[in-house]
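# Descriptive structure summary
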Amino acid sequence: QFSLDWFVHRYIYTNCREPDPAKANLFFIPLPLTMLFYGVKYKAFRQKKASSYVELVKQHLQGLETWKRNGGKDHLLVVSKTIRDFHDER
């Protein structure tokens, strides 16, 4: 379960890659959210830095023609932890 994002990343880039974005049906976003979550939780980096990074990725994606084509509905983001692990601890 904990390495699912890395497994999917390797599998997609090895077996399912379409180099022409116009022909692709799905777009994989290699964003390690589990790593970011635990980096903040165990103080490897600050929440503000992680949030800024995710915001930069979001802005980049929203500027892509492939994102605009379907409003991001054809973009895949893998999160390998269950949602209960991402609750607000404040």
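Residue numbers run consecutively from 1 along every chain, following the written order of its sequence. pLDDT decides what is reported in this predicted model: residues at 70 or higher carry local features, side-chain atom pairs at 80 or more are listed and counted, and totals for whole chains, interfaces and linings draw on all residues regardless. To get the side-chain values, all heavy atoms of the structure are used, and hydrogens and water are removed first.

### Describing the overall build of the protein
Scanning the protein from terminus to terminus reveals four helices and two strands. Only heavy atoms enter the contact rule, under which two residues are in contact if any of them lie within 4.5 Å. Once local pairs closer than 6 in sequence are excluded, the contacts in the protein between residues at least 24 apart make up 64%. Each accessible area is a Shrake-Rupley result for a 1.4 Å probe, and residues are judged covered by the shown protein chains and nothing else. When the accessible area of the protein is evaluated, it comes to approximately 7200 Å², of which 58% is carbon and sulfur surface. Put simply, DSSP marks the helices as runs of H or I at least four residues long and the strands as runs of E at least two long, and each gets a number from the N terminus on.

### Notes on the nonpolar core
For soluble globular proteins, nonpolar side chains are generally found buried alongside one another. The term nonpolar core refers to a set of buried residues drawn from Ala, Val, Leu, Ile, Met, Phe, Trp, Tyr and Cys, joined through side-chain atoms within 4.5 Å. Relative accessible area decides the class of each residue, using a 1.4 Å probe on protein chains only: under 20% of the type maximum gives buried, over 50% gives exposed, and in between gives partly exposed. Core analysis: the largest hydrophobic core is formed by eight residues, namely Ile29, Leu31, Leu33, Leu36, Val40, Ala50, Val57 and Leu61. Where this core is concerned, the elements lending two or more residues are helix 2 (33-41) and helix 3 (47-63).

### Quick look at unusual backbone geometry
Phi angles above zero are rare outside glycine, and Lys43 is one such case at about 60°. With respect to the helices, strands and loops of the structure, Lys43 is situated in the loop between helix 2 and helix 3.

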